[in-house]
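The lines below spell out each chain.
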Amino acid sequence: MVSRETDLSILSEDFAADPYRYFARLREHTPVHYEASIDSYFLSRYQDVKRVLSDHEAFSTETLQVRAEPVMRGPVLAQMTGAEHTAKRKIVVRGFTGQALADQTRAIRANAAELIAPFLRRGRVDLVNDFGKPFAVHVTLDVLGLDRKDWKRIAAWHSGVAEFITSMALTPERRRHCLDCAEQLEAYLAPIIDQRRCRPGEDLISALCAAEFDGIALSNRDVTALLINVLVAAAEPADKTLALLFRHLIDHPGQLARVRRDPALLPAAIAETLRYTPPVQLIPRQAEKDAVFTGTAVPAGATVFCMIGAANRDPDAFAAPDVFDIDRPDLGSARSFTAAAQHLAFGTGLHQCIGAAFARAEIETVAAMLLPLLDDLRYSPGFRYRETGLYTRGPASLSLDFTPTKEIARR
Ligand code: 2IO
């Protein structure tokens, strides 16, 4: 199979405008697509992506040393293996399950109510920029026990960190900017970490400070890296997922009507949104030894990108993959937020997303709150839908008009 000769570049403007147009071609003709300018291989078939993510020995997360560590100011969970990974992952999981998750659900509701209120009478909201982005950051700050009044500064730093992780090529100026953001975020967190060590609370920062690995407390560097890791991972994909869910439901009025009538269908609608348009489109790995995929060799040491969007549309894994269908039997929505998920939006294997249950609770809670408030949902006149991003991808904006429900009009 010829894999190096192709006129398609994943780094081109055409691809960025609508990657979904190219996924079938990639899967069929160049399932191992080599991108020379960044010396990386892109895998688009479901089975190949699944294999790379499942075999963490043959395909390591070594890539994160250059892609994440400089802005995380230390090692992130996905970089770790063995006993260290198990122990530290457990600590973070505890911060996102059980009582912690119940408290977070309350914070999700409070933030959603507060942030949507100013838009209700107007009958118009940009679900990404007016609501989704501040909502995602507010919720994350509550989870970490950080002060919401600092959200704009933190959001700006977090964007710089996310840009570093998700860029294919950075100019020296952008690189400097991203590293600056990371340094400022680290400096902001340092006194807070010290303070939680002295006076612990119920938040995740205190839990990380109190935790031990091998009988030794986590260092400030470790705590900082895990905090920035959680901040980026929780905030970056959330507004995208929410906006994509609303987009698909508006485009499928029958399914929207059913979800309105029966909010118990929301988890299936969210899972199908994640399959159909995963907000995290790429997951990088490093081949630890020579590998072969459908006849194409990938050398040891190579960077391999798993194309989650393409894998989730593979007809070998999902029937009629290009149709948005909350009833699809092959989705198994009950397990779509667990290790048994068939879609790959949360990755799979050892490093599968630790925040999947939290993400579900967050999007389900906010969607269940918003839908009854926003009647007769439609795109604002003249609105042009546009998605951006190669690594993480979502709507640039989603301007919606709605009829305020009678109850709101009376307020
Ligand atoms: C933050 C890409 C937003 C993660 C990453 C360095 C590690 C890991 C992911 C997701 C989403 C981010 N990778 N979250 O793909 O923690």
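Fair warning: this is a prediction, and the values are worked out from it, not measured in the lab.

Draft legend 1. Just the site of the ligand, in detail. Looking at the ligand, the residues that line it are A68, M72, N229, V232, A233, E236, V280 and Y391. In this structure, N229 approaches the ligand through a side-chain N or O atom, which is 2.9 Å from an oxygen atom. Protein contact buries 81% of the 380 Å² of open area that the ligand shows by itself. Put simply, the ligand lies in the largest cavity. With 3 residues, helix 12 (residues 220-235) is the largest single contributor of residues to the shell around the ligand.

Draft legend 2. Representation of the sheet that holds strand 2 (residues 40-43) within the structure. Pairing in this open sheet of 5 strands is mixed, and the strands run 1-2-10-7-3 from one edge to the other. Among the strands making up the open sheet, the edge pair consists of strand 1 (32-35) and strand 3 (59-60). The pairing of strand 2 with strand 10 (residues 303-307) spans 4 bridges and is classified as parallel. Pairing of Y41 across the sheet is with V304, part of strand 10. Lying over the sheet, helix 3 (residues 46-54) contacts strand 2, strand 3, strand 7 (282-287) and strand 10, oriented at roughly 125° with respect to strand 10.

Draft legend 3. Fine view of the packing of helix 8 (residues 127-144) against helix 13 (residues 238-251). Axis separation between helix 8 and helix 13 bottoms out at 8 Å; the angle between their running directions is 135°. What the angle tells us is that helix 8 and helix 13 run oblique. Helix-helix and strand crossings are classified by hand; for helix 8 and helix 13 the assignment is right-handed. Here L127, V128, F131, G132, K133 and A136 of helix 8 come into contact with helix 13, specifically with A238, D239, L242, A243 and F246. Among the residues forming the contact of helix 8 with helix 13, the class breakdown is 8 nonpolar, 1 polar and 2 charged.

Draft legend 4. Here's a closer look at unusual backbone geometry. With a phi close to 45°, D39 is a non-glycine residue in the positive phi region. Mapped onto the elements, D39 comes out in the loop between strand 1 and strand 2. Using a relative accessible area of 47% as the deciding quantity, one classes D39 as partly exposed. Positive phi values are uncommon outside glycine, yet D214 reaches one of about 60°. Among the structural elements, D214 can be located in the loop between strand 5 (212-213) and strand 6 (216-217). Overall, D214 belongs to the exposed group, its relative accessible area being 68%.

Draft legend 5. View of the packing of aromatic side chains. Scanning all chains against the criterion turns up 13 aromatic pairs. With centroids separated by 5.2 Å and ring planes inclined at 70°, the aromatic side chains of F96 and F358 adopt a geometry described as edge-to-face. With F96 in the loop between helix 6 (82-94) and helix 7 (98-120) and F358 in helix 17 (residues 356-373), this residue pair connects regions lying 262 residues apart in the sequence. Relative to F324, the ring of Y276 has its centre 5.6 Å away and its plane inclined at 65°; by these criteria the two rings are edge-to-face. Here F324 lies in the loop between helix 16 (308-311) and helix 17 and Y276 lies in helix 15 (residues 266-276), a separation of 48 residues in the sequence. F324 carries the same exposure label as Y276, and that label is buried. Here a set of aromatic residues connected by ring pairs shows up, and it is made of F15, Y20, Y22 and F23. Just above the ring of F293 sits the side chain of R51; from NZ or CZ to the centre is 4.2 Å. Between R275 and the ring centre of F318, over which it is positioned, the NZ or CZ distance is 5.2 Å.

Basis of the calculations
- Residues numbered from 1 in each chain as written.
- Predicted model: local features only at pLDDT ≥ 70, side-chain atom pairs only at ≥ 80, totals over all residues.
- Heavy atoms only, no water.
- Near = heavy atom within 4 Å.
- Polar contact = N/O pair within 3.5 Å; in protein donor to acceptor, adjacent residues only side chain to side chain.
- Areas by Shrake-Rupley, 256 points an atom, 1.4 Å probe, with all protein chains shown as cover.
- 1 Å grid on protein atoms, 1.4 Å probe; cavity = no way out; pocket = protein on both sides within 12 Å on 5 of 7 lines; lining within 4 Å.
- Sits in = over half its atoms within 2 Å of the grid points.
- Helix = DSSP H or I, 4+ residues; strand = E, 2+ residues; numbered from the N terminus.
- Pairing = 2+ DSSP bridges.
- Contact = heavy atoms within 4.5 Å.
- Axes fitted to C-alpha atoms, helices over the stretch in contact; angles between N-to-C directions.
- Parallel < 35°, antiparallel > 145°, perpendicular 65-115°, else oblique.
- Left-handed = near helix turned anticlockwise from the far one by under 90°.
- Nonpolar A, V, L, I, M, F, W, Y, C, P; charged D, E, K, R; others polar.
- Buried < 20%, exposed > 50% of the residue type's maximum accessible area, 1.4 Å probe, protein only.
- Phe/Tyr/Trp six-rings, centres within 6.5 Å; stacked < 30°, edge-to-face > 60°.
- Lys NZ or Arg CZ within 6 Å of the ring centre and 35° of its normal.

The values reported here are purely geometric and, on their own, carry no functional implication.
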